[in-house]
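Understanding the architecture of this molecule
Residues per chain are reported as follows:
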Amino acid sequence: MQAVYFIMGVSGSGKTTIGSALAQQLRIPFIDADHEHPTENIEKMRMGIPLTDEDRMPWLQKVHARALAASSDNGAVIACSALKQTYRNLLEEHLMKVYWIFLDVDRALLQERIKGRKNHYMPASLLDSQLATLEKPKQAIRVNAKLGVTETLDIIIRSIYIKEKRIGIVGLGVMGKALARNLGSKGWQLSLYNREVKGSEELVAKQCVNDYPELNTALPFNDIHAFVKSLGSLPCIFMMLPAGGVTDHFLNTLAPLLSPGAIIIDGANAFYADTEKHQEQLLQHNIHVLGCGVSGGEQGALEGPALMVSGDKQAYDTVAPLLVSMAAINNSGNSCCAYIGRGGSGHYVKMVHNAIEYGEMQLLAEIYGLMHNGLQMNAEAIAAIFYEWQKTELHSYLLDITQQILIKQHNHQPILSRISDKASSKGTGAWAAQEAAFLGEPAGMFTTALNARYVSANTGLREWVQQHFTSRDQVVTAQKIAIDIDQIKAVYTLVRIWNHHQGFALITKAAEKYRWDISLASVADVWRAGCIIRSSLMDKLAEGFIYTNMVLDIPYCKEVLVSNYHKLVQLIGAATLAEIPTPIINEAYQSILQYKQKKLNTTLIQAQRDFFGAHGFQWDDDTEGIMQHIDWV
Ligand code: 6PG
């Protein structure tokens with residue numbers, strides 16, 4: 001049974017205009033109940049005689065019959081005054097899905113409109129009797145009909161989305177399943193779709209419905225046509241597929257099946273430029289694609305992730321209730337779902353989130369290495385230190401899980417001692433490093449974190465180097481590192497700030513380059529809960545960004561950098577002597593050190609460039625940017 005949308009209100013409220021526009025948008029038939037009146041009624045009205053309940057009865061029955069017929073076909077929009085509750089009760093009898101949309105207009109405007117109407121049997125004199133009969137509905141989408149057609153339609157469609165609450169979820173891998181369960185537990189009606197692959201992905205959606213009580217009212221599909229049909233006239237689809245080719249291919253299949261006005265939310269870790277490509281392609285069919293960075297892993301997806309959304313603002317406003325309902329809520333009571341901006345800016349911000357995540361993870365690995373290899377501490381002792389740090393300004397999700405990992409045992413040994421050290425990555429870190437290089441934004445923290453993973457996986461070269469150089473383990477056991485926990489803590493605090501600084505600086509640069517209006521305060525606010533990089537530091541940044549757009553300008557950050565810097569220098573010295581690899585700590589140190597110089601040795605680079613390529617250089621006291629070139633030989 002399909003939905004029937006009744007547009008109601010007194011004569012002159014705009015039922016026909018709005019109703020036919022809505023029907024066109026929903027691609028379903030439009031029925032004007034005025035055309036269903038028996039001739040006696042029309043004659044009476046023409047003469048200015050108000051209709052009685054009795055007069056209206058055969059008419060209402062006829063409209064009801066048409067509504068019933070439409071509901072078992074494609075549904076319909078019906079413009080009908082339906083002034084009394086008893087009339088509405090009759091009209092909606094036996095209909096499974098009914099929406100009442102009440103166009104509420106004041107008397108003066110109504111009178112003006114009726115006078116301006118040509119070829120209509122209803123005289124303006126009947127208006128007062130209509131208003132006297134009108135019982136305003138309590139359960140209806142109510143629109144002030146003073147608004148223009150487009151605005152009115154927007155309000156109606158948004159409200160229908162919320163009331164209809166049938167959302168399609170595509171891709172029931174770990175994340176898709178968790179998001180579906182999250183939405184199911186919030187009361188949304190779901191249609192679940194997963195492709196069918198013999199032997200590996202069979203009846204996946206059905207299995208989900210059977211396995212999870214919060215999904216037991218969801219409709220499972222492995223046929224894309226049936227899935228789309230189940231979503232009715234205004235499909236809204238949350239897509240959780242692997243980014244790249246799989247998504248491209250799926251969108252090509254899906255687009256021709258959808259009606260204009262459909263909204264697709266891409267929740268994958270997609271490359272922002274691909275998101276923009278999809279937005280352009282599907283807009284040709286009047287379908288909106290919203291890029292939605294989702295962070296929080298499986299648990300976040302289930303209990304409340306952080307969502308970074310971008311694309312058409314009206315499309316976002318339409319689906320915002322859905323997204324907000326699934327997102328985490330931060331300590332200030334704000335939703336961790338935000339509209340980031342146009343185009344692919346949501347996925348861009350998620351990419352930077354992941355780059356900061358890479359930096360944080362690498363830093364924690366190095367801190368662990370310093371304690372384990374340098375201070376000869378076992379996993380349990382390190383976990384105890386991290387546990388204490390969690391009670392301070394260092395509190396973070398990643399520190400918390402690291403502490404839990406350290407105490408985890410496997411066959412009576414710390415599990416960490418049994419896990420292969422080859423680290424993987426899926427792409428977002430590499431994109432961020434690439435983007436930073438492309439935009440000319442120094443973001444060595446991300447490149448270093450990424451390279452550390454690549455080095456770990458390059459087992460061939462590692463073996464070669466190990467054969468030809470003295471073993472690090474021999475050196476370290478002979479020489480304990482000359483630093484203490486407090487120094488390590490100070491350095492950890494400082495390097496995290498430098499890592500976050502580079503992430504937010506990259507967002508600022510991208511916003512300038514791509515003309516996105518991104519609020520760093522709102523990005524930091526979204527990252528305060530639900531996501532992988534949530535932390536007490538993020539709370540401080542979110543507050544700081546209200547006054548400045550630079551992490552380093554935030555008093556807490558400035559203070560930490562300046563006062564902990566000498567400990568960073570000492571630690572680098574000690575770790576170098578002990579031959580303990582600390583690439584990201586070094587990167588922070590080297591980067592700050594360079595910024596500290598009054599004059600950098602890059603003078604030589606400029607001279608070399610001019611020597612072999614006549615690329616030009618500037619004199620160091622030049623304030624006008626005049627390029628020089630000299631004859632070097
Ligand atoms: C998150 C994570 C999540 C995932 C990334 C990183 O915010 O929930 O960032 O998106 O962990 O894909 O993966 P790699 O480390 O494999 O690149």
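Residues numbered from 1 in each chain as written. Predicted model: local features only at pLDDT ≥ 70, side-chain atom pairs only at ≥ 80, totals over all residues. Heavy atoms only, no water.

1. Here we look at the overall build of the protein
If you tally the helices and strands in the protein, you get 27 helices and 15 strands. Relative to its length of 633 residues, the protein is extended, with a C-alpha radius of gyration of 32 Å against a globular reference of 26 Å. Referenced to the eigenvectors of the C-alpha coordinate spread, the extents of the protein come out at roughly 105 × 70 × 45 Å. Counting every position in the protein, which comprises 633 residues, the buried fraction comes to 51%. Taking as baseline every contact in the protein between residues at least 6 positions apart, the subset at least 24 positions apart corresponds to 72%. When the 57 positive and 63 negative side-chain charges of the protein are each reduced to one mean point, those points stand 5 Å apart. (Helix = DSSP H or I, 4+ residues; strand = E, 2+ residues; numbered from the N terminus. Rg over C-alpha atoms; globule rule 2.2 N^0.38 Å. Buried < 20%, exposed > 50% of the residue type's maximum accessible area, 1.4 Å probe, protein only. Contact = heavy atoms within 4.5 Å. Lys, Arg positive; Asp, Glu negative; His and termini not counted. Charge placed at Lys NZ, Arg CZ, Asp CG, Glu CD.)

2. Some details on the pattern of salt bridges
Pairing between side chains of opposite charge can happen when the charged atoms of each approach one another. Going through the model one piece at a time under the given rule, you end up with 18 salt bridges. Across the pair R142 and D104 runs a salt bridge whose closest N-O atoms are separated by 2.7 Å. With R142 in strand β5 (residues 141–144) and D104 in strand β4 (residues 98–104), this pair connects stretches of sequence that are 38 residues apart. On the basis of relative accessible area, D104 is assigned to the buried category, the value being 15%. With a shortest N-O distance of 3.2 Å, R528 and D525 are connected by a salt bridge. Exposure remark for D525: the relative accessible area of 16% places this residue in the buried category. Residues joined in a network through salt bridges with shared partners are E36, K62 and R66. (Salt bridge = Lys/Arg side-chain N within 4 Å of Asp/Glu carboxyl O.)

3. Remarks on the packing of aromatic side chains
Following the criterion strictly, the structure yields 23 aromatic pairs and no others. A ring pair is formed by Y348 and W516, whose centres lie 5.3 Å apart and whose planes are at 65 degrees; its orientation type is edge-to-face. A residue pair is termed long-range when its members are at least 10 positions apart, and Y348 in helix α15 (residues 345–374) and W516 in the loop between α22 (485–514) and α23 (520–526) qualify at 168 residues. Using a relative accessible area of 1% as the deciding quantity, one classes Y348 as buried. For W516, a relative accessible area of 6% corresponds to the buried category. Three or more aromatic residues joined by ring pairs make a cluster, and in this case those are F271, Y272, Y348, W431, Y514 and W516. When the ring centre of Y339 is taken as origin, the NZ or CZ atom of K313, which lies over that ring, is 5.5 Å away. (Phe/Tyr/Trp six-rings, centres within 6.5 Å; stacked < 30°, edge-to-face > 60°. Lys NZ or Arg CZ within 6 Å of the ring centre and 35° of its normal.)

4. Some thoughts on the nonpolar core
Membership of the largest hydrophobic core comes to 92 residues, with the highest contact counts inside it found for Y348, W389, F504, W527, L568 and I585. Here the element with the most residues in this core is α22; it accounts for 14 residues. When residues of this core are assigned to domains, at least three map to each of domain 2 (165–343) and domain 3 (351–585). With near-sequence residues (within four places) excluded, L568 lies in contact with V491, L494, V495, I585, Y589 and I592. In this structure, I7, I101, L183 and A301 belong to the second largest nonpolar core, which totals 57 residues. (Core = buried A, V, L, I, M, F, W, Y, C linked by side-chain atoms within 4.5 Å. Domains from an automatic or database assignment.)

5. Some thoughts on the environment of V105
Examined against the element boundaries, V105 turns out to sit in the loop between β4 and α5 (107–115). When its relative accessible area of 10% is taken as the criterion, V105 is described as buried. For the pair formed by V105 and K146, sequence separation is 41 residues and the distance between their alpha carbons is 6.6 Å.

6. Considerations on the side chain of N354
Tracing the backbone shows N354 in helix α15. With a relative accessible area of 5%, N354 lands in the buried category. Excluding residues that lie within four positions of it along the chain, N354 makes contacts with N269 and T428.

7. Some words on the state of the cysteines
Applying the stated criterion across every chain, the model contains zero disulfides. Sulfur of C208: no disulfide; nearest cysteine sulfur belongs to C236 and is 19 Å away. A residue is classified by how much of its surface remains accessible, and C208, at 2% relative accessible area, is buried. (Disulfide = S-S within 2.5 Å.)

8. Description of the sheet that holds strand β6 (residues 166–170)
Taken in spatial order, the eight strands make up an open sheet running β8-β7-β6-β9-β10-β11-β12-β13, and their pairing is mixed. This sheet does not close on itself; its edge strands, each paired only once, are β8 (219–221) and β13 (337–341). Shown here is a sheet whose adjacent strand axes are inclined to one another by a mean of 25 degrees, direction ignored. As paired elements, β6 and strand β7 (residues 189–193) share five bridges and run parallel to each other. Within β7, the residue paired with V170 across the bridge is Y193. On the sheet, helix α8 (residues 174–185) packs against β6, β7, β9 (236–239) and β11 (288–295) and is oriented at approximately 165 degrees with respect to β7. (Pairing = 2+ DSSP bridges. Axes fitted to C-alpha atoms, helices over the stretch in contact; angles between N-to-C directions.)

9. Things to note about the sheet that holds β4
Spatially, the five strands line up as an open sheet ordered β2-β3-β1-β4-β5, and their pairing is parallel. In the strand order of this sheet, the two ends are held by β2 (30–32) and β5, each with one partner. Sheet twist, expressed as the mean angle between neighbouring strand axes with direction ignored, is 20 degrees. Both strand β1 (residues 4–8) and strand β3 (residues 76–79) contribute to a ladder of four bridges, which runs parallel. Across the sheet, the residue bridging to V4 is A76, located in β3.

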